[in-house]
Amino acid sequence: MNHIIGGQTVATAPAVKWLLVDEESAGQRLDNFLMRHLKGVPKTHVYRIIRSGEVRINKGRASAETRVETGDEVRLPPVRISEKVGEKAAHPAPGREFPTLFEDDSLMAIDKPAGVAVHGGSGVSFGVIEQLRQARPQAKLLELVHRLDRETSGILLVAKKRSALKHLQDQFRERETGKTYLALVKGEWPAKLKVIDQPLHKFLLPDGERRVKVTTMEDPDGMRSITLVKVAERLPGATLLEVTIKTGRTHQIRVHLASQGYPIAGDDKYGDFEWNRQIQKQGARPALKRMFLHAWRLQFNHPVTAERVALQADLPPELKDFITHARPTSSPV
């Protein structure tokens, strides 16, 4: 007989499981450790089974904040998942490898293509990380270090060890990384405009879609955001920019550039929609079918050796071709 939880039909629960904590999971909070192993189980249910004492570490009760250590035995009680989640588990993401810019035992850097989400959610059933995990079932851990918008191409870091994940994320948070993008914007960017220091505020549209806007320093929900801009090349009616971000806010580059009156080509959220329609048409030059934003260069300190790593992902062919044909003369890239 099926049971109903939260209005969804659920399948029969599995038996009790015991998990042995390995070195990669050591130091994680218990709630985060459980969420990794109970994919599809609502967070509220995870916290409920912790509070009730059904989850045990070495046969003793523990709180959500308890840190698991190597060799700990964690008891997982029977949990029920919805048929929808069970269906998803039965049909996982198709395995896929991506062009690799750097890889060792601690991390990998890939060149993410445009149009691929970095992870599943928000109407996307799977993304880069799910496909990588499926392609590498032997990998003990694969976790995103940071994010890129779905339509943004370029360098994406993936940690292969939890220690590397924490080390790299600390660098991103402390602004110790160097992140430079290439963006094509409408109009002639002013040479004097080199720094944009404007707070950004995230909000939701009535349909639940996430958006970002420039706000004031007085806005309590505004997050300070700093973008450095350098002109790389001037083209007829457009400018190719090198954009370095000192903060990693959602949609930061897109909103900052658009707020100055220079929207990114092909941006379907903050762009100039009429201009987008013009450049999407096939004419004497290639059409631009995507947003012209590319994570071009990334620098960081290696989490093990502490050596500075400098990576570069060249413009993908569709963006390079668009630039080549946009020039007044067909000089080489």
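Refer to the structure printed above.
So, a few notes on the structure that sits alongside this text. (Residues numbered from 1 in each chain as written. Predicted model: local features only at pLDDT ≥ 70, side-chain atom pairs only at ≥ 80, totals over all residues. Heavy atoms only, no water.)

Let's talk about the sheet that holds strand β4 (residues 56–57)
Okay, so step 1: Taking strand neighbours across the sheet as the criterion, the four strands line up as β3-β6-β4-β5 in an open arrangement whose pairing is antiparallel. The open sheet is flanked by β3 (17–20) and β5 (60–61), the only strands paired with a single partner.
Okay, so step 2: As paired elements, β4 and strand β6 (residues 73–76) share two bridges and run antiparallel to each other. Along β6, the bridge assignment pairs Arg-56 with Arg-75.
Okay, so step 3: Across the sheet, helix α1 (residues 30–37) touches β3, β4 and β6, and the angle it forms with β6 is around 60°. (Pairing = 2+ DSSP bridges. Helix = DSSP H or I, 4+ residues; strand = E, 2+ residues; numbered from the N terminus. Contact = heavy atoms within 4.5 Å. Axes fitted to C-alpha atoms, helices over the stretch in contact; angles between N-to-C directions.)

A short note on helix α5 (residues 162–173)
Helical periodicity: at 3.6 residues per turn, an α-helix aligns residues three or four positions apart in one direction.
Okay, so step 1: The end-to-end C-alpha distance of α5 is 16 Å, a good match for the 16 Å that 12 residues give at a rise of 1.5 Å each.
Okay, so step 2: For α5, the set of buried residues is Arg-162, Ala-164, Leu-165, Leu-168, Gln-171 and Phe-172.
Okay, so step 3: Positive backbone phi, approximately 60°, marks Arg-175, located one or two places after α5. (Expected span 1.5 Å × (residues − 1). Buried < 20%, exposed > 50% of the residue type's maximum accessible area, 1.4 Å probe, protein only.)

Things to note about the side chain of Gln-131
Okay, so step 1: Relative to the helices and strands, Gln-131 resides in helix α4 (residues 128–135).
Okay, so step 2: Residue Gln-131 is classed as buried on the basis of its relative accessible area, which comes to 7%.
Okay, so step 3: A distance of 3.4 Å separates a polar side-chain atom of Gln-131 from the backbone oxygen of Pro-94.
Okay, so step 4: Residues within four places of Gln-131 in sequence aside, it is in contact with Ala-93, Pro-94, Gly-95, Arg-96, Phe-98, Val-116 and Phe-126. (Polar contact = N/O pair within 3.5 Å; in protein donor to acceptor, adjacent residues only side chain to side chain.)

Regarding unusual backbone geometry
Okay, so step 1: A positive phi angle, near 70°, is found at Lys-59, a position not held by glycine.
Okay, so step 2: Along the chain, the position of Lys-59 falls in the loop between β4 and β5.
Okay, so step 3: Looking at Lys-59, the relative accessible area reads 65%, which means it is exposed.
Okay, so step 4: Non-glycine residue His-251 carries a positive phi angle of around 55°.
Okay, so step 5: Here His-251 shows up in the loop between β16 (238–245) and α6 (252–259).

Observations regarding helix α7 (residues 273–280)
Okay, so step 1: Of all the residues in α7, the buried ones are Trp-275, Asn-276 and Ile-279. Looking down the long axis of α7, one finds its buried residues gathered within 105° of arc, a one-sided arrangement.
Okay, so step 2: Buried positions along α7 lie against β11 (178–186), β16 and α8 (317–326).
Okay, so step 3: If you check the start of α7, you find a side-chain oxygen 3.2 Å away from the backbone N of Glu-274, and it comes from Asp-272. (Arc of directions from axis to C-beta.)

Re the nonpolar core
Okay, so step 1: Core analysis: the biggest nonpolar cluster contains 29 residues, and Trp-189, Ile-253, Leu-257 and Ile-264 have the highest contact counts within it.
Okay, so step 2: Among the secondary structure elements, those contributing two or more residues to this core are β8 (107–112), α4, β10 (153–159), β11, β16, α6 and β17 (293–301).
Okay, so step 3: Ignoring any residue separated from it by four or fewer positions in sequence, one finds Leu-257 in contact with Ala-183, Val-185, Trp-189, Ile-196, Val-229, Leu-241, Val-243, Tyr-262, Pro-263 and Ile-264.
Okay, so step 4: Core analysis: the next-biggest nonpolar cluster, separate from the first, contains 19 residues, Leu-30, Leu-38, Val-46 and Val-79 among them. (Core = buried A, V, L, I, M, F, W, Y, C linked by side-chain atoms within 4.5 Å.)

What about the environment of Leu-204?
Okay, so step 1: Mapped onto the secondary structure, Leu-204 falls in strand β13 (residues 200–204).
Okay, so step 2: Leaving out residues up to four positions away in the same chain, Leu-204 has contacts with Glu-209 and Arg-210.

Some details on the packing of α1 against helix α2 (residues 43–51)
Okay, so step 1: Viewed as axis vectors pointing N to C, α1 and α2 meet at an angle of 125°, and their least axial separation amounts to 10 Å. Accordingly, the angle class assigned to the pair α1 and α2 is oblique. Here the hand of the crossing between α1 and α2 comes out right-handed. In contact with Leu-30, Asp-31, Leu-34 and Met-35 of α1, α2 contributes Lys-43, Val-46, Tyr-47 and Ile-50. (Parallel < 35°, antiparallel > 145°, perpendicular 65-115°, else oblique. Left-handed = near helix turned anticlockwise from the far one by under 90°.)

Concerning the packing of aromatic side chains
Aromatic ring pairs are reported here in terms of the distance separating the ring centres and the angle at which the planes meet.
Okay, so step 1: Per the stated rule, a full pass over the model turns up one aromatic pair.
Okay, so step 2: An angle of 55° between the planes, with centres 5.0 Å apart, marks the rings of Trp-189 and Tyr-262 as tilted. Separated by 73 residues along the polypeptide, Trp-189 in the loop between β11 and β12 (195–197) and Tyr-262 in the loop between α6 and α7 bring together distant segments of the chain.
Okay, so step 3: Taking relative accessible area as the criterion, Trp-189 reaches 1% and is therefore assigned buried.
Okay, so step 4: In this structure, Arg-211 is placed above the aromatic ring of Tyr-270, and the distance from its NZ or CZ to the ring centre is 5.8 Å.
Okay, so step 5: Its guanidinium or amino end placed over the ring of Phe-203, Lys-213 lies 5.4 Å from that ring's centre, counting from NZ or CZ. (Phe/Tyr/Trp six-rings, centres within 6.5 Å; stacked < 30°, edge-to-face > 60°. Lys NZ or Arg CZ within 6 Å of the ring centre and 35° of its normal.)

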